[in-house]
Protein chains: 2
Amino acid sequence: MSLDHAILGFLQYGPRSGYDLKALFDLSVQHFWPADQSQIYRTLARLTEQGYVAMDRVEQEERPDRKDYRLTDAGREALHEWLAAPPPAKPGRSAALVQVFFAGQLGDEEILAIFRRAADTCRAGLAGLQAIPDRCTPYVAQVDDPRETFCWMLTLECGIHMTQAHLAWLESVIARLERGELPIAKEATCTR
Amino acid sequence: MSLDHAILGFLQYGPRSGYDLKALFDLSVQHFWPADQSQIYRTLARLTEQGYVAMDRVEQEERPDRKDYRLTDAGREALHEWLAAPPPAKPGRSAALVQVFFAGQLGDEEILAIFRRAADTCRAGLAGLQAIPDRCTPYVAQVDDPRETFCWMLTLECGIHMTQAHLAWLESVIARLERGELPIAKEATCTR
DNA sequence: TCATAATATAGGACGTGTCATATACATGAC
DNA sequence: GTCATGTATATGACACGTCCTATATTATGA
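Here goes a summary of the coordinates provided. (Residues numbered from 1 in each chain as written. Chains lettered and ligands numbered in written order. Predicted model: local features only at pLDDT ≥ 70, side-chain atom pairs only at ≥ 80, totals over all residues. Heavy atoms only, no water.)

1. Observations regarding the overall build of chain A
Within chain A one finds 7 helices and 2 strands. The secondary structure elements of chain A, listed N-terminal to C-terminal, are α-α-α-β-β-α-α-α-α. In terms of overall dimensions, chain A has C-alpha extents of about 70 × 40 × 35 Å along its principal axes. At a minimum sequence separation of 6, the contacts of chain A that also span at least 24 residues come to 60%. Counting only carbon and sulfur atoms, one obtains 54% of the accessible surface of chain A, whose full area is about 9,800 Å². Measuring between centres, the 21 positive side-chain charges of chain A sit 5 Å from its 27 negative side-chain charges. (Helix = DSSP H or I, 4+ residues; strand = E, 2+ residues; numbered from the N terminus. Contact = heavy atoms within 4.5 Å. Areas by Shrake-Rupley, 256 points an atom, 1.4 Å probe, with all protein chains shown as cover. Lys, Arg positive; Asp, Glu negative; His and termini not counted. Charge placed at Lys NZ, Arg CZ, Asp CG, Glu CD.)

Here's what the structure looks like:
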């Protein structure tokens, strides 16, 4: 249910169209809450039904008409309520760790390859995160509120911090594997 | 598609029923890939259709009949292929970070409360992770393969490492907030 | 001129996960 | 004696997200 709140969150800065919102997601929160375009439009429609947002059709001559959505009082209230409430606490899923868990089957080189690849992905992700501030300076200037900016930067900081920690762990595993610390599998086949 | 592979992964240690599998998930991989009971049964049914697993009905007198599933050659092959392939790389979602991103709206104490609560959740999670080795020693003894155990422990290590890093970040944020480093919001209302 | 990118919205189909609920039998606790 | 708990499987309904495709219009550049 968190796409709802992210949308409400963006709308508190002023009216936005579905298109605007998609751009905002891609620009700012995509690294911890990516949003699908069609999902945004559908959610917007539902949020309107529920009375959390209201829509104004804006006729444009140069471009297709846009629908601007704005927060209603009910929406603002719902957002505030959710922001102040305990976090949903959904356990994250990591397919990469599932791979590691069952990697014992693989050969030494294959296991090393998994971790080397993971480290590369991680480094690429880190680079992506570090590029975010530049990309969103215009938006920061637009809203121009040090308190908001502080909170936004915290999420970035968290992402970078976590990615660095992950990378450090991956590198420590790679080092151990390269030192030959990976045990050899037992010969015997286990049935139960 | 990763529940499929986790199930195939467990089945490589020997035949298991849906009930067994649910217990295994809860015991070992639930912190990075939780599995729903009904989802396990449905996946098992599909995997059978697809020919990756085969089912043997075991009649029991004391208890309801069980269906034991075992890996077919096709299943073993599919598993190996997936294990050795590049990781799916699905971006993780964090509702907690969405909260932080839009927390600028809240009062100082509310924001502090969010982080304190997050830190508590984190500490509880850490305690949960550290309790895993004890819970699964019987299973470790059952399979008794140092290579497998090594990989399993790596996933745990990753979880603990990441959780500690997260906690450290949360505590650094809390310290900054307590030092009063949270900027005050602008008075002016921003519309666009 | 012709293609393509950008602006703007919408809907179908599907995969995956979640929740609730149902059935059936056994054992041990109170 | 019954009530909860553990073993064991199954299904319906639904929420949420993803992918793909369709539709218009305008601006840009090759």
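2. Concerning the pattern of salt bridges
The final tally for this structure, using the stated rule, is 22 salt bridges over all chains. Residues Arg176 of chain B and Glu157 of chain A are paired through a salt bridge, measuring 2.6 Å at the closest nitrogen-oxygen approach. Of this pair, Arg176 of chain B sits in helix 8 (residues 146–178) while Glu157 of chain A sits in helix 7 (residues 146–178), which puts the two residues in different chains. Owing to a relative accessible area of 28%, Glu157 of chain A belongs among the partly exposed residues under this scheme. (Salt bridge = Lys/Arg side-chain N within 4 Å of Asp/Glu carboxyl O. Buried < 20%, exposed > 50% of the residue type's maximum accessible area, 1.4 Å probe, protein only.)

3. Structural notes on the relation of the copies chain A and chain B
With an axial shift of 0.0 Å and an RMSD of 0.1 Å, the rotation relating chain A to chain B amounts to 180°. On the angle and the small slide along the axis, the relation comes out as a two-fold axis. A symmetric contact is evident, with 100% of the interface residues of chain A recurring at the interface of chain B. (Least-squares fit on C-alpha atoms with pLDDT ≥ 70 in both.)

4. Considerations on the packing of helix 1 (residues 2–11) of chain A against helix 3 (residues 37–49) of chain A
All names here are of chain A. Interhelical geometry of helix 1 versus helix 3 gives an angle of 80° and a closest axis separation of 10 Å. Here helix 3 runs roughly perpendicular to helix 1, going by the angle between their axes. Of the residues in helix 3, those touching helix 1 at Leu3, Asp4, Ile7 and Leu8 are Gln39, Ile40, Thr43, Leu44, Arg46 and Leu47. For the contact of helix 1 with helix 3, a count of residues per class yields 6 nonpolar, 2 polar and 2 charged. (Axes fitted to C-alpha atoms, helices over the stretch in contact; angles between N-to-C directions. Parallel < 35°, antiparallel > 145°, perpendicular 65-115°, else oblique. Nonpolar A, V, L, I, M, F, W, Y, C, P; charged D, E, K, R; others polar.)

5. Some details on the interface of chain A and chain B
Each side of the interface is counted separately: chain A has 81 residues, and chain B has 81 residues. Carbon and sulfur atoms make up 65% of the area that chain A and chain B hide from each other, which totals about 7,800 Å². Run the count over chain A and chain B and you get 4 salt bridges. Between Arg147 of chain A and Asp108 of chain B there is a salt bridge whose closest N-O contact spans 2.7 Å. By residue number, the principal contributor to the side of chain A that touches chain B is helix 7 of chain A, which donates 19 residues. (Buried area = accessible area lost by both parts, 1.4 Å probe.)

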